[in-house]
Amino acid sequence: MENKQFCLHDLPLFDSMERSVFSTVCRHAAVKRHYRRGEILFRQGEVSDTLYLIKEGSFKLVRVSEEGKEVILQVASTGDVLGEAALFREGIHPATAVALNDARVCALSRDRLEGVIRENPDLALKVIFSLGSSLHNAWEQASDFRTGSTREKVLNLLIRLATDHGEQCPEGKKITVCLTQQEIADFIGASRVMVAQVLKQLQARNYLIKNGKHYILKDGCF
């Protein structure tokens, strides 16, 4: 599999800029950071003033409710962007981003991005389209993962993960993001016991294979 090196310039948001112009922004404004599994990229409630491009690895976005319950809103991996809302307004992070494995990110502050947009007005429209797409995907995921039986919600989640974070292997699609049973339960709003039962059923019916820490979804499930 090709090991693509993602750069901020690869984002649709910046693809109209000449690389010679953007390289100055990247060299002087972007910050590279490394994270280990379990480390925090940003916390729920902290000021949101930076855009993050995931260059390697993956993060789960976790929101804690007023009752203290954790809900996983999203899994983001290599090539995905977090914190786009920081481009438009001063605010706080609605969730905490936790590394699911060793990861590298490229961070660009709002101040610098505002300067880039002022120099390139056409970028404002691209930003609007980018945020609109992210919002649509969020609503779509919420609908898939919060309705139906526990079995349907688990299967919908696995299909989405295989589509967005999967790689082909002889048995089917290997989900490259490693989630525990509790994390899957937090994602779909179910108990860990129910999720464990569903996963066992899916494996017994040959829909799903567990390979170490990874799940492989058989091709017939798509």
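Residues numbered from 1 in each chain as written. Predicted model: local features only at pLDDT ≥ 70, side-chain atom pairs only at ≥ 80, totals over all residues. Heavy atoms only, no water.

Here we come to the packing of helix H4 (residues 150-165) against helix H6 (residues 192-204). Interaxial distance between H4 and H6 falls to 10 Å at its minimum, and their mutual angle equals 70 degrees. For the element pair H4 / H6, the angle class is roughly perpendicular. Between H4 and H6 lies a crossing whose hand is right-handed. Listed contacts from H6 to Thr150, Arg151, Val154, Leu155 and Leu158 of H4 are Met194, Val195, Val198, Leu199 and Leu202. (Axes fitted to C-alpha atoms, helices over the stretch in contact; angles between N-to-C directions. Helix = DSSP H or I, 4+ residues; strand = E, 2+ residues; numbered from the N terminus. Parallel < 35°, antiparallel > 145°, perpendicular 65-115°, else oblique. Left-handed = near helix turned anticlockwise from the far one by under 90°. Contact = heavy atoms within 4.5 Å.)

Spacing of three or four residues puts side chains on the same side of an α-helix, whose turn is 3.6 residues. The end-to-end C-alpha distance of H4, which contains 16 residues, comes to 21 Å, matching closely the 22 Å that a straight helix rising 1.5 Å per residue would cover. Looking only at H4, the buried set comprises Thr150, Lys153, Val154, Leu155, Leu157, Leu158, Arg160, Leu161, Ala162 and His165. (Expected span 1.5 Å × (residues − 1). Buried < 20%, exposed > 50% of the residue type's maximum accessible area, 1.4 Å probe, protein only.)

Take the pattern of salt bridges next. Applying the stated rule across the entire model yields three salt bridges. Residue Asp102 is joined to Arg36 by a salt bridge in which the shortest nitrogen-to-oxygen separation is 3.2 Å. With Asp102 in the loop between strand S9 (96-99) and strand S10 (103-109) and Arg36 in the loop between strand S1 (31-35) and strand S2 (40-42), this pair connects stretches of sequence that are 66 residues apart. Overall, the relative accessible area of 43% leaves Asp102 in the partly exposed class. Residue class for Arg36 comes out exposed when judged on its relative accessible area of 53%. (Salt bridge = Lys/Arg side-chain N within 4 Å of Asp/Glu carboxyl O.)

Turning our attention to the sheet that holds strand S13 (residues 208-211). An order of S11-S12-S14-S13 is seen for the four strands of this open sheet, with the pairing classed as antiparallel. In the strand order of this sheet, the two ends are held by strand S11 (166-169) and S13, each with one partner. Across this sheet, the average inter-strand angle for adjacent strands is 30 degrees, counted without regard to direction. Bridge count between strand S12 (residues 172-175) and strand S14 (residues 214-218): three bridges; the pairing is antiparallel. By the bridge assignment, Gly172 is partnered in S14 with Lys218. Where H4 meets the sheet, it contacts S11, S12, S13 and S14, and its direction lies at approximately 90 degrees from that of S12. (Pairing = 2+ DSSP bridges.)

Within this structure, the stated rule accounts for two aromatic pairs. With a centroid separation of 5.9 Å and 80 degrees between ring planes, the pair formed by Tyr35 and Phe59 is classed as edge-to-face. Remark: Phe59 occurs in strand S5 (residues 58-64) and Tyr35 occurs in strand S1; sequence separation between them is 24 residues. Both residues of the pair, Tyr35 and Phe59, belong to the buried class. (Phe/Tyr/Trp six-rings, centres within 6.5 Å; stacked < 30°, edge-to-face > 60°.)

Let's shift gears to the environment of Tyr207. Note on placement: Tyr207 falls in the loop between H6 and S13. Separated by 52 residues in the primary sequence, Tyr207 and Leu155 place their C-alpha atoms 9.4 Å from one another.

Of all seven residues in strand S4 (residues 50-56), six are buried, a share of seventy percent or more. As judged from the six bridges shared by S4 and S10, these two strands associate in the antiparallel manner. What sits directly across from Tyr52, in S10, is Ala107. Where S4 lies against strand S7 (residues 81-82), two bridges are found, and the strand directions are antiparallel. When the sheet's bridge partners are listed, Leu53 is paired in S7 with Val81.

Summarising burial for helix H5 (residues 181-188): six of the eight residues are buried, a large majority. Restricting attention to buried positions, one finds in H5 the residues Glu183, Ile184, Ala185, Asp186, Phe187 and Ile188. Of the residues flanking the end of H5, it is Gly189, one or two places downstream, whose phi is positive at about 75 degrees.

What follows is about the environment of Leu113. Position of Leu113 relative to the elements: it lies in helix H2 (residues 110-119). Through-space distance from the C-alpha of Leu113 to that of Thr50 is 8.8 Å; in sequence the pair is 63 residues apart.

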